[in-house]
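Survey of secondary and tertiary structure
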Amino acid sequence: MAERKTKKETTAKKETKATKAAAPAPAKAKASMPSTDTKPSRIGVFICHCGTNIAGSIDIPTLQSYAQNLPNVAYVDNYQYMCSTPGQGKIEKAIAEHKLTGIVVAACSPRLHEPTFRTATKEGGLNPFRFEMANIREQNSWVHMHDREGATSKAEDAVRIAVAKAALLQDLFPKSVQVEKAAMVVGAGVAGMQAALDLANAGIKTYLIEKDPTIGGRMSQLDKTFPTLDCSQCILTPKMVDVGRSENIELMTYSEVEAVEGYIGNFDVTIRKKARGVLTPVEAEARGIVGGGCNGCGDCEAVCPVIQPNTFEMGMKPRKAIYIQHPQVVPLIYTTDKDSCIKCELCVKACGNDKRAIDLNQEDEFVKVKVGTAILATGYDIFPIEKKTEWGYKKFDNVITSLEFERLICASGPTGGHMVRPSDGKAPKRVAFLLCAGSRDNTGNAKAYCSRFCCMYSLKHAHQLIEKMPGTIPYIFYMDIRSFGKMYEEFYYRIQDEGAKFIRGRVSNVLEDPTTKNLWVMADDTLLDRPMKLEVDLVVLAAAVQPAELTQKTRKLFGVSCSMDGWLLEAHPKLNPCGTTTAGVFLAGVCQGPKDIPDTVASAEGAASAASIPIHRGEVELEPYFAQCIEEKCAGCGMCVNLCPYSALALVEKDGRKVMEVTEAKCKGCGTCGGFCPGGAIWMQHFATPQIIAQIDAFLLGGEK
Amino acid sequence: MAEEWKPKIIGILCNWCSYAGADLAGGGRIQYPPDVRIVRVMCTGRVDPLFIMKAFTDGADGVLISGCHFGDCHYLEGNYKAAKRMFLVKSLLKNIGLEDKRLRMTFVSASEGAKWASVIGDVVKTVRELGPSPLTELTK
């Protein structure tokens, strides 16, 4: 019956809504001035028990009777779970029955349920912005669990503060803006490629930005993938080719995001196209060289006299100053290394007069694009494991990282897939794998988190050694084997059966025999409870991963936060892992935290889906926390104009004097102008000076009836 | 005045970093003293020095302004502007004979729940050591 009643009310409300919608302009004009409303406020306060989450630490009956005595409070109720359908129904019903003008819910954080209760307020017939939340869970009951008196008194204050603000809240109307039908993906590893392909296949024009000369990312450096033992390149290159061919993807390699302006639906992004020193066929044609540009023939590379370490091969193979990273690069365009090029121009001659692809004086170019949403897929780097000096990386020749191992055992790697050790080029017979190298490390000198995929790839490495070089013994030094994925545990059993030796214990030290260059691994075998010392030919460090170098710069441009260890912060760890607190910006892959390939691809598809929603809807609503100018108070000094980081404010002539004017679409509602204005002439909607002062007064001066 | 004195401290927090960090402390059930009351704003840039002065004249024993780390502001640079204003307000407080330690600006990110708890612990300790604000007597 209650339900039926609610429905009836909803219809009744619609009329009110319609009336309001018909006349938003006068309401807005009123909002630009301090409230002159003389009509008394009637506030409804709803207290949530949240089961025992709140009621366990806060005395609800005390809080309820306290709230009843507050000025402007017309109705108080409490309920087990205010966010439930019956809980929200209480709000809707009370608005009509008690002619409420504002709603306060004392419950969890507004960051969690403000949208829920705003909807309930709206359903009840009030403007949704006539709602204020008192956070008595995250910032009270959960942090004062053993101080019932202190918590209850703090909750009383919180409700009083919220009621004071609610009494001054005004009707606000979100601004609808069009969404540009284009997206951007930053980073073209497997996550970025997958996200871009999904967006492109959904019919969305997608700009895919990659800092390296080729797409492919870390996955293209791997040999085999666990637990299926698929060849990494074999499953990745078809995707790379698809990206290169997709009509909806505009691929920008060797490019970086330089500046971001705007907001969801309308991001203006400036891309720096770093000078390759080599022209693509399109660029060549633009210069009038018809049929010219780089075709990837490699004649230039053959004549280049400069030899550099190849970073793609972890420095284990040489490359020229004009190079491609590996044979499967997309796009197949050479790049010059500006730092090592000696400008001898032998390559220019080799390239010839027909193609004229090489321009060693080419300069960086800046391109501006407009997109509706963006996905960050900036990936990871390997933690500089030489910081952990006890394992001797970069000190002893035969201590290598897992990524170096991947290149050494890869058929397209520097040794053609012949597993050799660096000191003498001989095949190792005893190989120690050190897991958690720099991960799960609380010394402060490395990473406290689990890098998540090292256990599994180390098992795969052990398998590859046994398969390729029968008789080789892999020794795996581990803390725990974390084989949590589908078919992972089975893979672990398989490697045990194949003869890999597992020693549970962290390696304290690695020492080198200076004559043989063999290594002594010192550890504690915690299962047998005895120290051990093992001579091996090669040590492989499963080094921790960390956010890629450009992550910090990129995230700041897009206004995305990061956690303490630098991984980008999702909007909610469980319920919104692909979103961020910046509307319209999403996360894919390892930039959000270590992930293996299946999880990375899944997160990329999730991000692509989320990023496509505003684009397909075509418009989004912006929260109306805009600044407004109170013209009669404005002295036209223009200080606010310079303070605004979004250029949303300007001085205009009105009635023969200068006053400030706000471009609402540009205003993001930070209130920096309002915090400064010496004349108090800026009205920050929903965070107006009288509203905040009322909160301060309510706390400090009391104000109970 | 037999009753134990409880400091009145107001915390004005930005929505994106410190308020979220305080929520995270809650999620992690990190316990801290219940002496600080919170007002949420979108950005510390919104904090008019007037708010702080109003709080002190209303009888606050301490004021905490907490925002994002430098370079991390959701609105690019609101926290820089807020921090600049804090120097101004602090020097004003000193000049009118109020301990400037009663005003504190901190930077707590959305991922620093534990830091939030220790900031509160520290602020409460500082204000408790300073005792009631001398302005409280004036307004009585």
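What you see is a predicted model, and the numbers here were worked out from it, not measured in a lab. (Residues numbered from 1 in each chain as written. Chains lettered and ligands numbered in written order. Predicted model: local features only at pLDDT ≥ 70, side-chain atom pairs only at ≥ 80, totals over all residues. Heavy atoms only, no water.)

1. Topic: the pairing of strand S3 (residues 102-107) of chain A
Residue and element names in this part refer to chain A. Most of S3 sits inside the fold, with six of its six residues counted as buried. Because side chains alternate across S3, one face comprises the buried residues Gly102, Val104 and Ala106, and the other comprises Ile103, Val105 and Ala107, equally buried. Summarising the sheet, strand S1 (residues 43-48) and S3 pair through five bridges and their orientation is parallel. Paired with Phe46 across the two strands is Val105, which belongs to S3. Bridging between S3 and strand S4 (residues 131-135) involves five bridges; their strand directions are parallel. (Buried < 20%, exposed > 50% of the residue type's maximum accessible area, 1.4 Å probe, protein only. Helix = DSSP H or I, 4+ residues; strand = E, 2+ residues; numbered from the N terminus. Pairing = 2+ DSSP bridges.)

2. Quick word on the state of the cysteines
Residues and elements named next belong to chain A. Counted under the stated rule, the structure contains one disulfide over all chains. Lacking any disulfide linkage, Cys455 is separated from the closest cysteine sulfur, that of Cys436, by 5.8 Å. Given the relative accessible area of 9%, Cys455 is considered buried. Summary of cysteine pairing: Cys644 is not part of a disulfide, and the nearest cysteine sulfur, belonging to Cys670, is at 6.4 Å. (Disulfide = S-S within 2.5 Å.)

3. As for the nonpolar core
Ranked by internal contacts, the top residues of the largest apolar core, which has 57 residues, are Ile52, Val63, Ile65 and Leu103 of chain B. Ignoring any residue separated from it by four or fewer positions in sequence, one finds Ile52 of chain B in contact with Val47, Val63, Ile65, Met86, Val89 and Leu103 of chain B. (Core = buried A, V, L, I, M, F, W, Y, C linked by side-chain atoms within 4.5 Å. Contact = heavy atoms within 4.5 Å.)

4. With respect to the interface of chain B and chain A
In this complex, chain B contributes 51 residues to the contact, which on the side of chain A involves 53 residues. A per-residue breakdown of the area chain B buries against chain A is headed by Arg37, Arg40 and Arg46 of chain B, which together make up 15% of the total. Joining chain B to chain A, the criterion identifies five salt bridges. Residue Arg37 of chain B is joined to Asp157 of chain A by a salt bridge in which the shortest nitrogen-to-oxygen separation is 2.6 Å. Where chain B meets chain A, there are 23 residue pairs in polar contact (both at pLDDT 80 or more). Of all the elements in the fold, those that place two or more residues in the side of chain B that touches chain A are strand S1 (9-14), helix H1 (18-27), strand S2 (36-41), helix H2 (49-57) and helix H3 (78-95) of chain B. Per-element tally for the side of chain B that touches chain A: the top contributor is H1 of chain B, with seven residues. The class makeup of the residues in the side of chain B that touches chain A is 26 nonpolar, ten polar and 15 charged. (Buried area = accessible area lost by both parts, 1.4 Å probe. Salt bridge = Lys/Arg side-chain N within 4 Å of Asp/Glu carboxyl O. Polar contact = N/O pair within 3.5 Å; in protein donor to acceptor, adjacent residues only side chain to side chain. Nonpolar A, V, L, I, M, F, W, Y, C, P; charged D, E, K, R; others polar.)

5. Section: the environment of Ile271 of chain A
All names here are of chain A. Note on placement: Ile271 falls in strand S12 (residues 266-273). Note on Ile271: relative accessible area 0%, which makes it buried. Between the C-alpha atoms of Ile271 and Glu258, which are 13 residues apart in sequence, the distance is 5.3 Å. Beyond its immediate sequence surroundings of up to four residues, Ile271 is in contact with Met184, Ile209, Met252, Ser255, Glu256, Val257, Glu258, Glu365, Phe366 and Val367.

6. Comments concerning the sheet that holds strand S25 (residues 519-525) of chain A
All names here are of chain A. In space, the three strands of this open sheet follow the order S24-S25-S26, with antiparallel pairing throughout. This sheet does not close on itself; its edge strands, each paired only once, are strand S24 (507-512) and strand S26 (530-536). On average, each strand axis in the sheet is inclined to that of its neighbour by 20 degrees, with strand direction left out of account. Both S24 and S25 contribute to a ladder of five bridges, which runs antiparallel. (Axes fitted to C-alpha atoms, helices over the stretch in contact; angles between N-to-C directions.)

7. A closer look at the packing of helix H3 (residues 60-68) of chain A against helix H7 (residues 148-166) of chain A
Residue and element names in this part refer to chain A. Axis separation between H3 and H7 bottoms out at 10 Å; the angle between their running directions is 30 degrees. Taken together, the axes of H3 and H7 lie roughly parallel to each other. As for the relative orientation of H3 and H7, their crossing is right-handed in sense. From H3, Thr62, Leu63, Tyr66 and Ala67 reach across to H7, where they touch Thr152, Ala155, Glu156, Val159 and Arg160. (Parallel < 35°, antiparallel > 145°, perpendicular 65-115°, else oblique. Left-handed = near helix turned anticlockwise from the far one by under 90°.)

8. Notes on H3 of chain B
An ideal rise of 1.5 Å per residue puts 26 Å on 18 residues; H3 of chain B measures up with 26 Å between its terminal C-alpha atoms. Gly78, Asn79, Lys81, Ala82, Ala83, Arg85, Met86, Val89 and Leu93 of chain B are the residues of H3 of chain B that are buried. On its buried face, H3 of chain B sits against helix H18 (639-643) and helix H19 (672-676) of chain A together with H2, strand S3 (62-67) and strand S4 (103-107) of chain B. Just beyond H3 of chain B, the residue with positive phi is Gly97 of chain B, at close to 85 degrees. (Expected span 1.5 Å × (residues − 1).)

9. Brief notes about the confidence of the model for chain B
Per-chain confidence: chain B averages 93 in pLDDT, with 97% of residues scoring 70 or above. Interface confidence in the predicted complex, given as ipTM, is 0.97; pTM for the same model is 0.87. (pLDDT = per-residue confidence, 0-100.)

10. Details of the side chain of Ser109 of chain A
Residue placement: Ser109 of chain A occurs in the loop between S3 and helix H5 (110-123). Residue classification places Ser109 of chain A among the buried positions, given a relative accessible area of 1%. For Ser109 of chain A, the side chain forms a polar contact with the side chain of Asp23 of chain B, separated by 2.3 Å. Apart from the residues within four sequence positions on either side, Ser109 of chain A is in contact with Glu114, Met133, Asn135 and Glu138 of chain A together with Tyr19 and Asp23 of chain B.

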